[in-house]
Amino acid sequence: NLSLLRRLIRTEQLVQEVTQADCEMKTEYALCYCKGKVSPGALAQVRKILAQAKPELLLDSSYFVPWLFPCRFRLFSPVSYTERPAVAAAKLCEGKIIVLVNGSPSAMILPTLFCENFDCLDDYATTAFFSSFLRILKYEAFYLPGAFVCTAVYLPELLPPILLFKIAAAEKATPLPLFAEMVMIILILEIIREAGLRMPQTLGHSVSLVAALIVGDAAIAAGLMSTPVLLVAGITSVAIFITPSLYEPATLLRLLVVLAAGLAGPVGLVSAGLFVLFGLTQVSALGVPYLNDSSFSSDGVIRRNYRVLSRNPFTIWQRRKPE
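Conventions and cut-offs
- Residues numbered from 1 in each chain as written.
- Predicted model: local features only at pLDDT ≥ 70, side-chain atom pairs only at ≥ 80, totals over all residues.
- Heavy atoms only, no water.
- Helix = DSSP H or I, 4+ residues; strand = E, 2+ residues; numbered from the N terminus.
- Buried < 20%, exposed > 50% of the residue type's maximum accessible area, 1.4 Å probe, protein only.
- Contact = heavy atoms within 4.5 Å.
- Areas by Shrake-Rupley, 256 points an atom, 1.4 Å probe, with all protein chains shown as cover.
- Expected span 1.5 Å × (residues − 1).
- Arc of directions from axis to C-beta.
- Phe/Tyr/Trp six-rings, centres within 6.5 Å; stacked < 30°, edge-to-face > 60°.
- Pairing = 2+ DSSP bridges.
- Axes fitted to C-alpha atoms, helices over the stretch in contact; angles between N-to-C directions.

Let's talk about the overall build of the chain
Summing up its helical and strand segments, the chain has twelve helices and seven strands in all. Counting over 323 residues, the chain shows a buried share of 45%. Taking contacts inside the chain between residues at least 6 apart in sequence as the whole, the part at least 24 apart equals 65%. Looking at the chain as shown, the accessible area adds up to about 17700 Å², and 65% of this sits on carbon and sulfur atoms.

Structure below.
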């Protein structure tokens, strides 16, 4: 992993510090950064914390997170992981710190912004307009289930009459309220996903076939679920994989938003959004807020042309210069 980074960043600015962890197996870990771009204070803080950390067993860089960010409960984590050398090299050039552990293919990136969960390295291989469109689509995927429940239950006048009649006819045949159906189908899809991940590969097709029969046909035929709810839940279950780094918090937030929208309507939907926003504002890493103002810069929600980005070099420790 160290050699892969060295092949991509062929300058003297790249520094790779290899140290043994304070554990019984003396596993080596590497602290990678670029001189002149990283914050000296943040680097010294990370170096000190990693030296004082005493994990019982070190198999991955994620084992250092409880020492770097001690907290009992955290929905969002200000770190990210990647197995692509090009992504790690790009983050190093932004002044970030990379932690590698011997034997692990995953690199931990410090610190990480919330908006970076919605972009990827492939965004810079396409046009700025299309990349911006995909990023906005990823943001909208967060609120789709709750928005559907809120609109169908509390704001039906916003739906076309034909669609509204079909939803109403489908709901009359089910014993549960609409938001309860949405919660149930989300939980069922999560169970199916976990079963597909844990089952041997040879049985994966059988699990998919049984899941399709249970969710796609048997549930509707038995009158437990309606077709519109199943369609929206299926779309959101697929859309959530657009941001794999946010899969865990997004899964919990889907349930929160659906419950809030189903119980309190538009007020609950807005309250859930404010709750998520408040939680995001409380997260920071090494003095960098999780909702840094770069989310609204030329490489945040909306991406600008790569030539414009190249004229204004960006590091995580400073604001982007005005164009």
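A word on helix α5 (residues 128-140)
Its 13 residues place the ends of α5 19 Å apart at the C-alpha level, agreeing with the 18 Å of an ideal helix rising 1.5 Å per residue. Taken together, the buried positions of α5 are occupied by Ala128, Ser131, Ser132, Arg135 and Lys138. All buried residues of α5 lie within an arc of 120° about the axis, which places them on one face of the element.

As for the packing of aromatic side chains
Taken as a whole, this structure holds two aromatic pairs when the rule is applied. Between Tyr29 and Phe64, the ring centres sit 5.2 Å apart and the planes meet at 65°, which makes this aromatic pair edge-to-face. With Tyr29 in strand β2 (residues 28-34) and Phe64 in the loop between α2 (40-52) and α3 (65-68), the pair connects residues that are 35 residues apart, well separated along the chain. Judged by its relative accessible area of 5%, Tyr29 is buried.

Topic: the environment of Pro55
On the secondary structure map, Pro55 appears in the loop between α2 and α3. Residue Pro55 is classed as buried on the basis of its relative accessible area of 5%. Separated by 33 residues in the primary sequence, Pro55 and Asp22 have C-alpha atoms spaced 7.1 Å apart. Ignoring anything within four residues of it in the chain, the contact list for Pro55 reads Asp22, Cys23 and Trp67.

Details of the sheet that holds strand β3 (residues 80-82)
Strand pairing in a sheet takes place through backbone hydrogen bonds and is either antiparallel or parallel in direction. Read from one edge of the open sheet, five strands run β1-β2-β4-β5-β3, paired in antiparallel fashion. Two strands bound the open sheet, and with one partner strand each, they are β1 (14-20) and β3. Geometrically, the sheet is characterised by an average inter-axis angle of 25° between neighbouring strands, direction not taken into account. Running over the sheet, α2 touches β1, β2, β4 (97-101) and β5 (107-110) and is turned about 180° from β2.

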